[in-house]
Amino acid sequence: MSQRVEVAVIGAGAFGLRHVAAYRSLGVPVTALVDPDPGVRQQVAAEHDVARTFGTVEELLAAGTPQAASVCVPGPAHRDVAVTLLAAGVPVLVEKPLAATVADAEAIVAAARTHGVLCQPGHILRHSAPHRALYDAVRAGRLGQVLAISSRRDRPRTLSRLFPDEHPALLTAVHDIDLAIWYAQSPVVEVRAAARTRPGSATPVLVWAELRHANDVVSSIRNSYLLPEHTPNHTSDLVEVYGTDGVAHVDLGHPTLLVQGEQTEAPDWLLSPVDGGGALAAELRHFVGQVTGVESVAVVPLADGLHVVQVATAMADSAAAGGAPRRISPEPLS
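Only a predicted model underlies this, so the values are computations on that prediction, with no experimental measurement involved.

A. Region of the structure containing the packing of aromatic side chains. Under the definition given, this model contains 2 aromatic pairs. Between Tyr 135 and Trp 182, the aromatic rings sit 4.2 Å apart at their centres with planes inclined by 5°, giving stacked as the arrangement. With a gap of 47 residues between them, Tyr 135 in helix H6 (residues 129–139) and Trp 182 in helix H8 (residues 173–184) connect regions that are remote in the sequence. Both residues of the pair, Tyr 135 and Trp 182, count as buried. Through pairs of rings, three or more aromatic residues link up here, namely Tyr 135, Trp 182 and Tyr 183.

See below:
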């Protein structure tokens, strides 16, 4: 990066580690790591050459204010962590979703506006090369007027076990909601959804939603956790855009690398590879550029991050109510 920025990573889980690796691949020093587990943070710090570790955000701030931070803690903790950092004047990238509830997301937006500090929602697919190319084609009018958007995202049953308390609408479907409002260039005003469970699962394993946008574009979103446990958790995803002059799609259902051995593997080379490249590095490069002033236009405006949470919550509510429609009154998209 042309201007040196030192960052802190909050949360040393799987995606926090990918943030550390991605920052390092960009030459951006990660000088602090926060995680409540002392063993985990010490191990990560040793492996990734992080100079300082802390158990809480308050301890981090007491030792000195970082120039920027990635918030990679579980969704229900986003509000407390992000608001504390924003109040201290720290620009933050908050991993998706912006928050676990609409009230929490609104509190984060209010804190960013009150303190005048950058808060970037971490919607990685807007930084994915094929998804960005499709967006550019839509904006250039190559498909004519957009009529409809369709997306499908299938994951292994493992996710039901790993995230037993998180609704798929607020875990995986947030990607598809964000793509829908991005490609439609219009907020969602109505949601109808259905959800299904399977034996042994407390939360839905299938969510099927129909969205209506303010400009009358319609979007269909399907998410499932029905693939066998041993299936590699690669990006088995498809998004299609239908316009008056054509149709386009991005299909990630075929992994770049498939290793079929004792344990079948399909590494994610496109979005968040373990070596720190891909769309995650592009996202963090944009974040650092926003912090330094090199990037003047947000790829993911904060209002869009809040709107995604509003739509995801409406999906879960509609599904719980047997498909009853849920109306949304969002702010205009940036």
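B. Quick look at unusual backbone geometry. Cis geometry is adopted by the peptide bond preceding Pro 97, which originates at Lys 96 and carries an omega value of -15°. As for its placement among the helices and strands, Pro 97 is situated in the loop between strand E5 (92–95) and helix H5 (102–115). Positive phi, close to 55°, is recorded for Asp 49, a residue that is not glycine. Mapped onto the elements of the fold, Asp 49 is located in the loop between helix H2 (38–48) and strand E3 (52–54). Residue class for Asp 49 comes out exposed when judged on its relative accessible area of 64%. Look at Gln 185: it is not a glycine, yet its phi comes out positive at around 55°.

C. The arrangement of the state of the cysteines in detail. Overall, the coordinates contain 0 disulfides when judged by the stated rule. With no disulfide partner, Cys 72 has as its closest neighbouring cysteine sulfur the one in Cys 119, 13 Å distant.

D. Structural detail: the pairing of strand E10 (residues 218–227). Of all 10 residues in E10, 7 are buried; the element is thus mostly enclosed. Sheet topology places strand E7 (residues 146–156) next to E10; 8 bridges connect them, and they run parallel. Within E10, the residue paired with Ile 149 across the bridge is Ser 219. Bridge count for strand E9 (residues 206–213) against E10 is 7 bridges, and the pairing is antiparallel. Paired with Glu 210 across the two strands is Ser 220, which belongs to E10. The hairpin formed by E9 and E10 contains 4 residues between the paired strands, and Asp 216 there has a positive phi angle of roughly 75°.

E. Layout of the side chain of Gln 120. Structurally, Gln 120 is set in strand E6 (residues 119–122). Filtering out sequence-adjacent residues up to four positions away, Gln 120 remains in contact with Val 92, Leu 93, Val 94, His 127, Glu 283, His 286, Phe 287 and Gln 290.

F. Up close: the sheet that holds strand E13 (residues 326–327). Strand order across the open sheet formed by 7 strands is E12-E11-E7-E10-E9-E8-E13, with mixed pairing between neighbours. Either end of the sheet is taken by a strand with one partner, and the two such strands are strand E12 (246–251) and E13. Relative to the sheet, helix H10 (residues 302–320) contacts strand E8 (188–196), E9, E10 and E13, its axis offset from that of E8 by approximately 45°.

G. Representation of the pairing of strand E2 (residues 30–34) within the structure. Across the 5 residues of E2, 5 count as buried, placing the element largely inside the fold. Pairing of strand E1 (residues 7–10) with E2 involves 4 bridges; the strand directions are parallel. Directly across from Val 7, in E2, lies its bridge partner Val 30. Between the parallel pair E1 and E2, the chain is carried across by helix H1 (residues 14–25), and the sense of this crossover is right-handed. Where E2 meets E3, 3 bridges bridge the pair, whose relative direction is parallel. Counted as the bridge partner of Ala 32 is Arg 52 from E3. With H2 bridging E2 and its parallel neighbour E3, the resulting β-α-β unit is right-handed.

Procedures and definitions
Residues numbered from 1 in each chain as written. Predicted model: local features only at pLDDT ≥ 70, side-chain atom pairs only at ≥ 80, totals over all residues. Heavy atoms only, no water. Phe/Tyr/Trp six-rings, centres within 6.5 Å; stacked < 30°, edge-to-face > 60°. Helix = DSSP H or I, 4+ residues; strand = E, 2+ residues; numbered from the N terminus. Buried < 20%, exposed > 50% of the residue type's maximum accessible area, 1.4 Å probe, protein only. Disulfide = S-S within 2.5 Å. Pairing = 2+ DSSP bridges. Contact = heavy atoms within 4.5 Å. Axes fitted to C-alpha atoms, helices over the stretch in contact; angles between N-to-C directions. Right-handed = clockwise from strand over helix to strand, strands pointing away.

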